Amino acid sequence: MSDAQPNTLIARRLGIAGSYEAVAYIRRDCDVCLSEGFGPHARVLLSHGSKHASATLLHVSDGWINLDENGLNEVAWERLVLTDSEPFEIRYIPVL
């Protein structure tokens, strides 16, 4: 993985539209996924500066995205106001 902080991944715009929900795609074998125990369909909080989005997390096979990347659909991308290769934080949604 890169020099990113824990729970930080690099943004990758996947161009997937057609959902009203933010969706994040993560490699099941990436360090963040393994250390946090993110399961498939986990609800997560994505943060970039002052922007936040709750999203459903889906696992993908190796080769589709890099280990240090998190792929985002268009809804998540627009809510976080990102550019390609920008780091952002991912974590479980805090329990109330």
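About the cut-offs
- Residues numbered from 1 in each chain as written.
- Predicted model: local features only at pLDDT ≥ 70, side-chain atom pairs only at ≥ 80, totals over all residues.
- Heavy atoms only, no water.
- Helix = DSSP H or I, 4+ residues; strand = E, 2+ residues; numbered from the N terminus.
- Contact = heavy atoms within 4.5 Å.
- pLDDT = per-residue confidence, 0-100.
- Phe/Tyr/Trp six-rings, centres within 6.5 Å; stacked < 30°, edge-to-face > 60°.
- Buried < 20%, exposed > 50% of the residue type's maximum accessible area, 1.4 Å probe, protein only.
- Pairing = 2+ DSSP bridges.
- Axes fitted to C-alpha atoms, helices over the stretch in contact; angles between N-to-C directions.
- Core = buried A, V, L, I, M, F, W, Y, C linked by side-chain atoms within 4.5 Å.

## Some points on the environment of Arg12
Item 1. Tracing the sequence through the fold places Arg12 in strand S1 (residues 8-13).
Item 2. Along the backbone, Arg12 and Ser35 are 23 residues apart, and their C-alpha atoms lie at a distance of 21 Å.
Item 3. Those residues within four positions of Arg12 in sequence are excluded, and the remaining contacts are Trp64, Ile65, Glu69, Asn70, Gly71, Leu72, Trp77 and Asp84.

## Re the confidence of the model for the protein
Item 1. Averaged over every residue, the pLDDT of the protein is 89; the share at 70 or more is 94%.
Item 2. Confidence, expressed as mean pLDDT per element, reaches its minimum in the protein at helix H1 (residues 31-36) with 88 and its maximum at helix H2 (residues 74-80) with 96.

## A word on the packing of aromatic side chains
Item 1. Enumeration according to the criterion identifies two aromatic pairs in this entry.
Item 2. Ring geometry for Tyr25 against Trp64: centres 5.6 Å apart, planes inclined by 80°, an arrangement best described as edge-to-face. Of the two residues, Tyr25 sits in strand S2 (residues 23-27) while Trp64 sits in the loop between strand S4 (51-60) and strand S5 (69-72), which places them 39 residues apart along the sequence.
Item 3. Judged by relative accessible area, Tyr25 falls into the buried class, the value being 12%.

## Re the side chain of Asn73
Item 1. Its place among the elements puts Asn73 in the loop between S5 and H2.
Item 2. Apart from residues no more than four positions distant in its own chain, Asn73 is found in contact with Ile16, Ser19, Glu21, Ala22, Val23 and Tyr25.

## A word on the pairing of strand S3 (residues 42-48)
Item 1. Burial runs high along S3: six of the seven residues are buried.
Item 2. The pairing of S3 with S4 spans seven bridges and is antiparallel. Bridge pairing in S4 places Ala42 opposite Leu57.
Item 3. Linking two consecutive strands that pair antiparallel, namely S3 and S4, is a turn of two residues; a positive phi of about 60° is found at Gly49 within it.

## Quick word on the environment of Pro40
Item 1. Residue placement: Pro40 occurs in the loop between H1 and S3.
Item 2. Pro40 has contacts with Leu57 and His59, leaving out every residue within four places of it along the chain.

## A word on the sheet that holds S4
Item 1. The strand order around the closed barrel formed by six strands is S1-S5-S2-S4-S3-S6, and the pairing between neighbours is mixed. Across the sheet, the mean angle from the axis of one strand to that of its neighbour is 45°, orientation sign disregarded.
Item 2. As judged from the five bridges shared by S2 and S4, these two strands associate in the parallel manner. If you follow Tyr25 over to S4, its bridge partner there is Leu58.

## Remarks on the nonpolar core
Buried together is how nonpolar side chains tend to be arranged in soluble globular proteins.
Item 1. Counting 23 residues, the largest nonpolar core has Phe38, Val44, Leu46, Leu57, Leu72 and Ile90 as the members making the most contacts within it.
Item 2. Secondary-structure elements contributing two or more residues to this core are S1, S2, H1, S3, S4, H2 and strand S6 (87-92).
Item 3. What Leu72 contacts, discounting residues up to four positions off in sequence, is Arg12, Arg13, Leu14, Gly15, Val23, Ala24, Leu46, Trp77, Leu80, Leu82 and Phe88.

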